[in-house]
Amino acid sequence: DKQQKDVKEAVTFIKHKLDAASWFISAIQQRQGTLLKTMESIVARQYDFFLTGDDANLRPLKMKEIAALIEMDISTVSRVVSAKSVQTDFGMYPLKYFFTEGILHDSGEDFSTRELKNILREIIENESPSEPYSDEELEQQLAERGFVVKRRTVAKYREQLGIPVSRL
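Residues numbered from 1 in each chain as written. Predicted model: local features only at pLDDT ≥ 70, side-chain atom pairs only at ≥ 80, totals over all residues. Heavy atoms only, no water.

This paragraph deals with the packing of aromatic side chains. Two aromatic rings are characterised by how far apart their centres lie and by the angle between their planes. On inspection of all chains with the given rule, the structure shows 10 aromatic pairs. Here Phe-49 and Tyr-93 contribute two aromatic rings whose centre-to-centre distance is 5.3 Å and whose plane-to-plane angle is 85°, an arrangement assigned as edge-to-face. Placement of the pair is Phe-49 in helix α2 (residues 47-52) and Tyr-93 in strand β2 (residues 91-94), with a sequence separation of 44 residues. Judged by relative accessible area, Tyr-93 falls into the buried class, the value being 13%. (Phe/Tyr/Trp six-rings, centres within 6.5 Å; stacked < 30°, edge-to-face > 60°. Helix = DSSP H or I, 4+ residues; strand = E, 2+ residues; numbered from the N terminus. Buried < 20%, exposed > 50% of the residue type's maximum accessible area, 1.4 Å probe, protein only.)

So, on to the pattern of salt bridges. When the charged atoms of two side chains lie near each other, side chains of opposite charge can form a pair. Inspection of the entire model under this criterion finds nine salt bridges. Close ionic contact of Glu-101 with Lys-62 constitutes a salt bridge, the shortest N to O distance being 3.9 Å. Placement of Glu-101 in the loop between β2 and β3 (102-104) and of Lys-62 in the loop between α2 and α3 (63-70) is noted, with a sequence separation of 39 residues between them. Taking relative accessible area as the criterion, Glu-101 reaches 47% and is therefore assigned partly exposed. Glu-122 is the salt-bridge partner of Arg-145, the closest N and O atoms lying 3.6 Å from each other. (Salt bridge = Lys/Arg side-chain N within 4 Å of Asp/Glu carboxyl O.)

Here we come to unusual backbone geometry. Excluding glycine, residues mostly carry a negative phi; peptide bonds, for their part, are mostly trans. The phi angle at Glu-71 is positive, at roughly 55°, despite the residue not being glycine. Of the residues examined, Glu-71 reaches a relative accessible area of 73% and is grouped as exposed. A positive phi angle, near 60°, is found at Ala-83, a position not held by glycine. Note that Ala-83 resides in the loop between α4 (74-81) and β1 (85-88). The class for Ala-83 is exposed, based on a relative accessible area of 84%.

Nothing here speaks to function; it is all geometry.
This is the structure:
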């Protein structure tokens, strides 16, 4: 009887370990599926960027949009893209790179804030070094190009670009 009891315990032990391993494999497959769906959605939304590698082709994109596309909670999308990167023909990018806020242009077109920063950098690079634009003048320059952006936002983007204020 002792031997039979030992065999039953061993069988139970092995069954529990197989169940745990099966659950673990299933969890990994589900995670892989979620990551694949998320990446496919990002590529579909940012298709022009993946063809060219040009930041100007990045469209405004929020995690909420991807969550709706893959029919999952936004917290799931946030977890999926956190600390993960993708290798492209143009280099390695963190998945969070593809999510960007948008600015509405006068034409009704949505521009990413990254694209707006590139335009701001271009304006500043072409200004007169002896008479650099103030944030108010930069706001006006952007307005002339159809971007309605407040001076505070111009200042924030300028700081993020590492460009000092005009008086410096």
